[in-house]
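Overview (structure and organization)
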Amino acid sequence: MSKKAISKMLAIVAIIIVAVAAIGGGLAYYYLTRPVAPEAEVTLRAFMLMPADTPGSVVLQGYMDKFENETGINVESTYVAYEEWKRAWSAMIAAGTPPDIQLLAGPTEFLPECAIGAVAYMNDLKMPDGSAVYDGQQIFGSSARLAAIPQGLIESSTFSVNGKLVGVPLDVGTSMLVWNKQAFIDAGLDPNNGPDTWEEVLADALTIKANAPAYYPFGLPMAREWNLARYFEILYYSKTGQPIIDENGKVLVNTTDVADAVQWFFDLHNVHDLTNPDPIDVNQYDNRALFRDGKIAMMIESPHFLKAVMESAGKGNFSTAETSPFGFSLVPAWEIGGRRISWTLADIMYVTAYSKHKVEAAQLVEYLTRSKNLYDFNSGWGTLYPTTEMADKPYYANNKWFWDKIKEQVTGGNAMGTDAGLIEAGFADDLLMTNLQKAFMGQITVKEALDDYAQKVTVKEATAREFL
Amino acid sequence: MWLQRLKGSPYRFLLLSIVIFAIFYVYPIIDTFRLSFYTFPMTNIGNQRFVGFQNFFEVFGSGRLYHTTILTLEWTVTSVVGSMLFGLGIALLLSEEFPGRGLVRTLILAPWIFPELVGASMWKITMNSEYGLLGNIILPAFGFRGSLLSSPETAIFACSIVRIWKLTPFVALMCLAGIQAIEVELYEAASLDGAGSFNKFRHITIPQLSPVLLVALILATVWTANQFDIVYILTRGGPGDATKIAVVDIYSLAFIENSAGIAQAEAVVFVIALIVISALYYRGMRGKQS
C-alpha cells in the first residue's frame, strides 16, 4: 500500500474517532446535565396475576399511575398469566426483588401463600399521622355500602389469620349454570328455565342430544389448568357443603359421596357422550369460545365474563332478560344430599411478608381495592354487583336486570371459610389436577385419585408475619 | 514464576474464556450437585437445610423416576430416530441437482429458525380437535376422533412429531455438508464396478458419513433429552402425567410442588445418565475410527 493510501486511511479513521467522540461527549453532557425528577424514596413492586394488556390490567395500571401521582410512591407492576405465576413469583424472590403486594386468584392460590408465611397482617399498619392504613370496615367503604352487600360476599372475600386481616378482594366473581337459549328452543325446552339439579342437567342434555344434535349439550373443560380445580371445587361443595378439611386438619375430599359426584360428572362424557368431544384439550377460555360460537348448550361459567366475551364478539343483546342470548342460575344441586350453592370467588390482594415498605404497600392495596375504584371497571370485566353508590355506572345501569338477577341469586360465598387457620394445599394443586385427568381417562378410579391426593396433600397451619 | 511462564504460553489467550466458562458453566453445575443434598422451597432459597441423600431416596423410591425415564426414552428415541431418518433423506434429496434446489434448501431451514414457543404454539393449534387443520379435518377423515395431545397413548408421540419437525433441518444440514464432502471418485469407481444406488448408499455414503451422523446423533440426543419448551407448551406434562418427561418433572418439582431440593437431585441423576450415554456414543465413535 502506498504512503498516500495509508495517510488517507488514517485520516478517515481519525475523522471517525473524532466524530464518535463528539457525539458520545455531547450525549454524555446532555444526560449528565439535564434536569431530572427526584427519585422516589419508595418503590413498590406489584405482582398482578393477570395477563398484561387485558381490560382489567389496563384499568388497574391506570389506578397505579394515579396512586403514583397522588402519593409520590413509585410502583413497578408485573403482570403474569395464570399458568406462569409460580415460576415468575419464585424467580422474583430468588433474585432478591420480591413483590410488595400481590394479586392472586381466590382462596385456591391465596391460602397456600398463608401456609408458607408469605403474607403480612394489615390491621396494625399505621400512617405517619397515626391513623390506621386499613381496617376491616374500609374494604367496602362506609357502613351504608357494607349494608348493601350480602354478608356472604364479604365473608368469602376477606381473609384473616388469627383474627387479623391478611387478604382483601379486588373483585368478586361467581360461577353459575349458563345455558344457550337458542339451543333450548331448538331442543323443545323452556329457554327461560334452566335445570335446578344435576339430574335435570342430565335429562335436558339427553333431550338436546336427541333433538338438537348440532350442539354439545354440556361444555366440559378438562385441561390441566385452574378451571379443572374449580370444577372439582364446585362439585365438592355442592355435594358436601363442607370445607375441604375439618377442624382437626383431616382432609375430606375422598369420601365416597364426592367420588360418586365426580364420577357422575365424568360420565357425562365417558358414558353419555354429552360434552364437547375432547375435554382434555379444552380449557375455560376454549369453552367460552365454543359457547360464543353457539356450539355449547350448557356449562358452568362466570356470567359476567361470558357476557363480556359475547359482547366483544357482537353476539349478544343484554339490555333485557328476554333478549339476552343466554340464561343463568345457581349451580345445580344434587337431588339427594346436595345443596344449591351460592358461589363466589374473589381475586385477593395482600401485602407480602417480604415487603420492606409494608405501610406504603398497604396504602396501595387500600387504594386499589377501595369501593370507588373497586367497581369502576367499565370495560366489561369487573366485580360481581354494585353497591347503591355504583349502581348508576354505565357498566351496571345499562344491564340492570343482569346484575339484579345475580344479586338476587348469589346470597352467600363459598364454604371455604375465611379464617385461614388451617390451610389445605389448595384445590389448584398440581397433583389433584393430574389425578383427576387420570381418573377421567380411566387410568385410575376417581376414588383412587382422591385417596392419593388426600394422602399426599399437606395441611399446614397458616402463619402471617408481623412486620418489624 | 508461573506468571512468567504464562506470559510466553499460548494458553494465556484462553484465560478469559476459561474464567467465563468456570463462572457460567462449572460453578452452576457444582452448585446443583451441592444443592441436591439440601431441602429448600423456591420461594425461600436462603432457607436451606442439609438432608444428606434424602432427596435421592425420594427420587428413586417414589416411582416417579421410573415413569419419567420411560417417557424420556420414548420421547428421545422417537424424536431422534425420526429426525435422523428424515434429515438424512432430505440431505440425500438435496444433494441431487433439480430446479429450485437453492430455494428448497433455504425453505427447509424454516422450522429450525422458528422460536420453540412459536412452533409449538402453532402445532398446538393445528392439533386442536375443534379448530385445527390436523385435529379437526385431517385426522377425523381417517376416523381418528379427538386431539393427539389429549390421549395418553398418543400425546408423547404427538410431541415427538413437533420435535422431529424442529430438529430435521439441523440434521439435514449436517448430513448435506457431509455428503458434499464425499469424494465423487468413490461413486464413479463404484459405478464402474457395477454397484447400484443402494450398494453405493450402503458401502460408500453411510461409512463416509458415519462421523457426521454420530455427531448429529449425540447432539440430537442430548438436545432432545434436555428439551423442555415443546412438551411444556403442548401439554404441560399432561394429560394426567402422560408426557411428564424428566425436564418437565424437574420443573414441576421446583416451581409447582416447591420441592427444589428433590428437583436438584433428579436433575443430578438425569445429567449423570446423559453423560454416560454421551460417553458410550463417544467410545463407539472412537472404536469405529480405530
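All values derive from a computational prediction rather than experimental measurement.

1. A short note on the overall build of chain B
If you tally the helices and strands in chain B, you get 14 helices and two strands. Over its C-alpha atoms, taken along the principal directions, chain B stretches across nearly 75 × 70 × 30 Å. Here chain B holds 290 residues, and the buried ones make up 40% of them. Once local pairs closer than 6 in sequence are excluded, the contacts in chain B between residues at least 24 apart make up 65%.

2. Focus on the overall build of chain A
Secondary structure assignment for chain A yields 18 helices and twelve strands. Each of the 468 residues in chain A was classed as buried or not, and the buried ones make up 54%. In chain A, of all internal contacts separated by at least 6 residues, the share reaching a separation of at least 24 is 75%. Split by element, the accessible area of chain A, about 19,400 Å² in all, is 54% carbon and sulfur.

3. What about the nonpolar core?
All names here are of chain A. Membership of the largest hydrophobic core comes to 75 residues, with the highest contact counts inside it found for Trp198, Ile208, Phe218, Phe232, Phe265 and Phe326. In terms of residue count, the dominant contributor to this core is helix α10 (residues 256–270) (eight residues). Leaving out residues up to four positions away in the same chain, Trp198 has contacts with Phe218, Leu235, Ser238, Trp264, Phe265, Ile300, Val331, Pro332, Ala333 and Trp334. Of all hydrophobic cores here, the second largest spans 31 residues; its members include Ala46, Ile73, Ala362 and Leu368.

4. What to know about the interface of chain B and chain A
In this assembly, 26 residues from chain B lie in contact with 28 residues from chain A. Taking both partners together, chain B and chain A bury about 2,300 Å²; carbon and sulfur atoms supply 49% of that area. Applying the counting criterion to the chain B and chain A interface returns two salt bridges. Among the ionic pairs, Lys438 of chain A bridges to Asp241 of chain B, the shortest N-O distance being 3.1 Å. Joining chain B to chain A, the criterion identifies eight residue pairs in polar contact (both at pLDDT 80 or more). When residues of the side of chain B that touches chain A are traced back to their parent elements, those giving at least two are α12 (229–235) and α13 (246–256) of chain B. Taken together, the residues of the side of chain B that touches chain A break down into ten nonpolar, ten polar and six charged.

5. Focus: the environment of Val231 of chain B
Residues and elements named next belong to chain B. Along the chain, the position of Val231 falls in helix α12. For the pair Val231 and Glu58, spaced 173 residues apart in the sequence, the C-alpha separation amounts to 24 Å. Ignoring anything within four residues of it in the chain, the contact list for Val231 reads Trp75, Cys159, Arg236, Gly237, Thr243, Ile245 and Val248.

6. Some words on the sheet that holds strand β7 (residues 216–218) of chain A
Residue and element names in this part refer to chain A. Pairing within the open sheet is mixed, and its four strands lie in the order β7-β8-β6-β9. Each edge of the sheet is formed by a strand with only one pairing partner; in this case those strands are β7 and β9 (326–329). Ignoring strand direction, the axes of neighbouring strands in this sheet form an average angle of 25°. Looking at chain direction, β7 and strand β8 (residues 296–301) are connected through two bridges and run parallel. Among the inter-strand pairings, Phe218 is bridged to a residue of β8, identified as Met298.

7. A short note on the environment of Thr168 of chain B
Residues and elements named next belong to chain B. By the element assignment, Thr168 lies in helix α9 (residues 155–180). Sequence spacing of Thr168 and Leu88 is 80 residues, and the spatial spacing of their C-alpha atoms is 8.5 Å. Ignoring any residue separated from it by four or fewer positions in sequence, one finds Thr168 in contact with Ser83, Phe86, Gly87 and Ile90.

8. Describing the packing of aromatic side chains
All names here are of chain A. One pass over the structure, following the stated rule, counts 36 aromatic pairs over all chains. Aromatic pair Phe326 and Phe402: ring centres 6.4 Å apart, planes at 80°, arrangement edge-to-face. Within this pair, whereas Phe326 is found in strand β9, its partner Phe402 is found in helix α16 (residues 400–409), the two being separated by 76 residues in sequence. Judged by relative accessible area, which is 1%, Phe326 ranks as buried.

9. Let's talk about the sheet that holds strand β3 (residues 101–105) of chain A
Residue and element names in this part refer to chain A. Pairing within the open sheet is mixed, and its six strands lie in the order β2-β1-β3-β10-β5-β4. Because the sheet does not close on itself, it has two edges, and the strands there are β2 (74–79) and β4 (159–161). Averaged over all pairs of adjacent strands, the angle between their axes in this sheet comes to 20°, without regard to strand direction. Here strand β1 (residues 43–48) runs beside β3; their pairing, made up of three bridges, is parallel. Opposite Ala46, over in β3, you have Ile101 as the bridge partner. Against the sheet, helix α13 (residues 358–369) makes contact with β1, β2, β3, β5 (164–173) and β10 (345–351), and its axis sits at roughly 155° relative to β10, the strand it touches most.

10. What about the side chain of Glu130 of chain B?
Of note, Glu130 of chain B is situated in the loop between α7 (116–127) and α8 (133–141). Look at Glu130 of chain B and you get buried, because its relative accessible area is 8%. In terms of polar contacts, Glu130 of chain B uses its side chain to reach the side chain of Tyr216 of chain A, at 2.9 Å. If we ignore the near neighbours within four places in the chain, the residues touching Glu130 of chain B are Tyr216, Asn276, Pro277, Leu290 and Lys295 of chain A together with Asn136 of chain B.

11. A closer look at the packing of helix α4 (residues 64–94) of chain B against α9 of chain B
Residue and element names in this part refer to chain B. Interhelical geometry of α4 versus α9 gives an angle of 40° and a closest axis separation of 6 Å. Taken together, the axes of α4 and α9 are oblique relative to one another. Seen along the crossing, α4 lies across α9 with a hand that is right-handed. Class assignment for the residues of the contact of α4 with α9 results in 19 nonpolar, seven polar and two charged.

12. Here's the deal with the side chain of Thr76 of chain B
Residue and element names in this part refer to chain B. On the secondary structure map, Thr76 appears in helix α4. A distance of 2.7 Å separates the side chain of Thr76 from the backbone oxygen of Thr72, its partner in a polar contact. Setting aside residues no more than four positions away along its own chain, Thr76 makes contact with Thr221, Thr224 and Ala225.

13. Remarks on unusual backbone geometry
Residue Pro239 of chain B follows Gly238 of chain B across a cis peptide bond; omega there is -5°. Relative to the helices and strands, Pro239 of chain B resides in the loop between α12 and α13. You will see that Asp273 of chain A, though not glycine, has its phi angle at about 55°, which is positive. As for its placement among the helices and strands, Asp273 of chain A is situated in the loop between α10 and α11 (284–292). Backbone geometry places Arg236 of chain B, a non-glycine residue, at a positive phi of 55°.

Rules behind the numbers
- Residues numbered from 1 in each chain as written.
- Chains lettered and ligands numbered in written order.
- Predicted model: local features only at pLDDT ≥ 70, side-chain atom pairs only at ≥ 80, totals over all residues.
- Heavy atoms only, no water.
- Helix = DSSP H or I, 4+ residues; strand = E, 2+ residues; numbered from the N terminus.
- Buried < 20%, exposed > 50% of the residue type's maximum accessible area, 1.4 Å probe, protein only.
- Contact = heavy atoms within 4.5 Å.
- Areas by Shrake-Rupley, 256 points an atom, 1.4 Å probe, with all protein chains shown as cover.
- Core = buried A, V, L, I, M, F, W, Y, C linked by side-chain atoms within 4.5 Å.
- Buried area = accessible area lost by both parts, 1.4 Å probe.
- Salt bridge = Lys/Arg side-chain N within 4 Å of Asp/Glu carboxyl O.
- Polar contact = N/O pair within 3.5 Å; in protein donor to acceptor, adjacent residues only side chain to side chain.
- Nonpolar A, V, L, I, M, F, W, Y, C, P; charged D, E, K, R; others polar.
- Pairing = 2+ DSSP bridges.
- Axes fitted to C-alpha atoms, helices over the stretch in contact; angles between N-to-C directions.
- Phe/Tyr/Trp six-rings, centres within 6.5 Å; stacked < 30°, edge-to-face > 60°.
- Parallel < 35°, antiparallel > 145°, perpendicular 65-115°, else oblique.
- Left-handed = near helix turned anticlockwise from the far one by under 90°.

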